[in-house]
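Understanding the architecture of this molecule
Residues per chain are reported as follows:
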Amino acid sequence: MSDHMDCNRENDCHYLARSIQSTNNTNAGSGPMTDVATNSPHIASAYKDGWSPYGLCSSPPARRKVCPSTFSTATDRFIPCRAPLDTKFSNFLLSNYGDVHDCESSPSRQDYMNTLKQSVLEGQADAMVLPLRPRETADQPTGESFTSFLSSENGSMKRRRTTRFIPKSPDKILDAPDLVDDYYLNLLDWSKSNILAVALRQSVFLWNASNGAAHKLMETSGRGNIVTSLAWGDVPSGNTLAVGTHFSEVQLWDVTTGTVIRQMGGHRSRVSSMSWNGQIVSSGSRDSTIHNHDVRARDHQVAELIGHTQEVCGLKWSPQGTQLASGGNDNILNIWESRRNQSKFSIARHQAAVKALAWCPFHSNLLASGGGTADRKICLWNTSNGQCMNEVDTKSQVCAVQWSTHDRELVSSHGFTHNQLILWRYAGRGRVHKVVELTGHQARVLHMAQSPDGTTIVSAAADETLRFWRILGSPTRSAAKLKMEHSSRGLLGANCIR
């Protein structure tokens, strides 16, 4: 036991002597280690008591030859790791240390400084200039560092997503004269073949978004027989357009040949909303009923859904084709299942007409609905159990809602009082956060449609203009490329759609 302790002491003294010699050589060139020892009065007295740098042994140990590379890698002094160092805060501590402590003279001043440190420095008031943290190896990360790495990566991804370029001005403006100012109608739709259809009183015009060409497809007969709703077919070619009229008729048009395919009656009042589900087109009317039409059958009406007491102004099939959402002027939201004539849920949460309806493309049972002027709320529903996950007061009449097909975002258009568009980010579990508000329309924004590539929203307002907003994310274009495209194009001159 004694031999072991003496050996340890001998080794400690040996390394101490080497450190003293290294320090002396660095500061004064070169010199024997005994000179350094004898020049110090404390060490000289220790020599008189029989102490030596080599322990209590009478003779020094055999000196080993040490190559210069050994001294270059010796860890005989502390070198701080600057990776976790906050240089700005450290500079503040070094340069203002005296000033900070001089002003802490009174208790009130001390309380003020503590409050200021807590709010501004966010818990860094006790931070050190050089944090003494062990350096982590890159090949063997600890669990904590790996978790921090994942959180930092997720944070950077979120920052990149939030900093996506969103233009505040429309990409293009089209004049739409004679656009009917009626909240309960649905006069705009964009096909999968990139053809935009818009109803202007008794006529339907088509605008090709690829080349900018526009032409009139049809015009209704009979005075006052305005077009009240439009809906493109679900087929990828997108050549069939359903047109609802004020005289309670549903017409199917082939836009390639410009001819009417068939005319389907059954309603007793105007057809104000329509939605496709494969070969089935559903129509909602002011007579408060919903009709399902099979366009292949001779007897086209295959179902009549009764669940509203006033005009059905909102109608939308889910992407899976299993559920149908309908909203009416009676403030009722109904959820229907396919092949059933009884509503699954009848919800009376909104305080005004429910026209804005949109199914989420990445959650099969998530529905967004918006209410009119007396309500002004967007509600998000879990249609599997009929529960409202969240509601947001938008402060304006909600006219339309569109989900993004690429990102977890949705766009809403509004009427009285602000006539704006709002881009929202979906945060999960029904929570949404406002990203940006887009203004420019001079009257309520009644209708919205989304381009087939999922990057552009077109809005139609009572100011008789169509505005194209390139505000949605793109899987093939980066933020820098979108910004460059928008700046190069700028605000194009207003053209008339007809």
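Residues numbered from 1 in each chain as written. Predicted model: local features only at pLDDT ≥ 70, side-chain atom pairs only at ≥ 80, totals over all residues. Heavy atoms only, no water.

1. So, the overall build of the protein chain
When helices and strands are tallied, the protein chain shows nine helices and 29 strands. By residue count, 42% of the 498 residues in the protein chain fall in the buried class. Looking at the protein chain alone, contacts between residues at least 24 apart form 48% of all its contacts between residues at least 6 apart. Element-wise, carbon and sulfur atoms account for 50% of the exposed surface of the protein chain, whose accessible area totals about 26800 Å². (Helix = DSSP H or I, 4+ residues; strand = E, 2+ residues; numbered from the N terminus. Buried < 20%, exposed > 50% of the residue type's maximum accessible area, 1.4 Å probe, protein only. Contact = heavy atoms within 4.5 Å. Areas by Shrake-Rupley, 256 points an atom, 1.4 Å probe, with all protein chains shown as cover.)

2. So, the pairing of strand β16 (residues 333–337)
One face of the sheet, then the other: side chains in a regular strand alternate in exactly this way. Most of β16 is tucked away, with four of its five residues classed as buried. Here five bridges tie strand β15 (residues 323–328) to β16, and the two strands are oriented antiparallel to one another. Across the sheet, Q323 pairs through a bridge with E337, a residue of β16. Where β15 hands over to β16, the hairpin turn is made up of four residues, of which N331 adopts a positive phi near 70°. Pairing between β16 and strand β17 (residues 343–347): four bridges, direction antiparallel. Looking at β17, one finds that I335 is bridged to F345. As consecutive antiparallel partners, β16 and β17 are separated by five residues, and within that stretch R339 has a phi angle of approximately 65°, a positive value. (Pairing = 2+ DSSP bridges.)

3. As for the packing of aromatic side chains
For the structure shown, the criterion picks out six aromatic pairs. Arranged with centres 6.0 Å apart and planes meeting at 50°, the rings of F362 and Y426 form a pair that is tilted. Of the two residues, F362 is situated in the loop between β18 (354–359) and β19 (366–371) and Y426 in strand β24 (residues 421–428); the sequence distance between them amounts to 64 residues. Taking the ring centre of Y183 as reference, the NZ or CZ of K355 above it sits at 5.3 Å. (Phe/Tyr/Trp six-rings, centres within 6.5 Å; stacked < 30°, edge-to-face > 60°. Lys NZ or Arg CZ within 6 Å of the ring centre and 35° of its normal.)

4. Focus on the pattern of salt bridges
Scanning all chains against the criterion turns up 13 salt bridges. A salt bridge links E409 to R164; the nearest nitrogen and oxygen atoms lie 2.6 Å apart. With E409 in strand β23 (residues 409–414) and R164 in the loop between α8 (143–162) and β1 (172–175), the pair connects residues that are 245 residues apart, well separated along the chain. The exposure classification of E409 matches that of R164, with both residues buried. Put simply, D182, R270, R286 and E311 are held in one network by salt bridges that share partners. (Salt bridge = Lys/Arg side-chain N within 4 Å of Asp/Glu carboxyl O.)

5. Here's the deal with the sheet that holds β23
An order of β22-β23-β24-β25 is seen for the four strands of this open sheet, with the pairing classed as antiparallel. At either end of the open sheet lies a strand with only one pairing partner, and these are β22 (398–403) and β25 (431–438). Pairwise comparison of adjacent strand axes, ignoring direction, gives a mean angle of 25° for this sheet. Sheet topology note: the β23/β24 ladder contains five bridges and is antiparallel. The residue bridging S413 from the neighbouring strand is L421, located in β24. (Axes fitted to C-alpha atoms, helices over the stretch in contact; angles between N-to-C directions.)

6. What to know about the sheet that holds β18
One open sheet holds the four strands; their spatial order is β18-β19-β20-β21, and the pairing between them is antiparallel. Taken across any chain shown, the strands that pair with only one partner, and hence form the sheet edges, are β18 and β21 (387–393). When the angles between neighbouring strand axes are averaged without regard to direction, this sheet yields 20°. Bridging between β18 and β19 involves five bridges; their strand directions are antiparallel.

7. Brief notes about unusual backbone geometry
Trans is the prevailing form of peptide bonds, just as negative phi is the prevailing case for residues other than glycine. Cis geometry marks the peptide bond from F416 to T417, where omega comes out at 20°. Residue placement: T417 occurs in the loop between β23 and β24. Within the chain, R339 stands out as a residue other than glycine whose phi angle is a positive 65°. Looking at the element boundaries, R339 is found in the loop between β16 and β17.

8. Some thoughts on the nonpolar core
Of all hydrophobic cores here, the largest spans 34 residues; its most connected members are V204, L206, L241 and L466. For this core, the secondary structure elements donating two or more residues are β2 (188–190), β3 (195–200), β4 (203–208), β5 (214–219), β6 (227–232), β7 (240–245), β27 (457–461) and β28 (465–469). Residue contacts for L241: discarding those within four places in its chain leaves A197, V204, L206, L217, L230, A231, W232, Q251, L252, W253 and V255. If you look at the next biggest cluster of nonpolar residues, it comprises 16 residues, including A368, I378, V398 and Y426. (Core = buried A, V, L, I, M, F, W, Y, C linked by side-chain atoms within 4.5 Å.)

9. Overview of the environment of G321
Following the sequence through the fold, G321 ends up in the loop between β14 (312–317) and β15. Between the C-alpha atoms of G321 and E337, which are 16 residues apart in sequence, the distance is 9.0 Å. G321 has contacts with N277 and S338, leaving out every residue within four places of it along the chain.

By themselves, these observations are geometric and do not establish any function.
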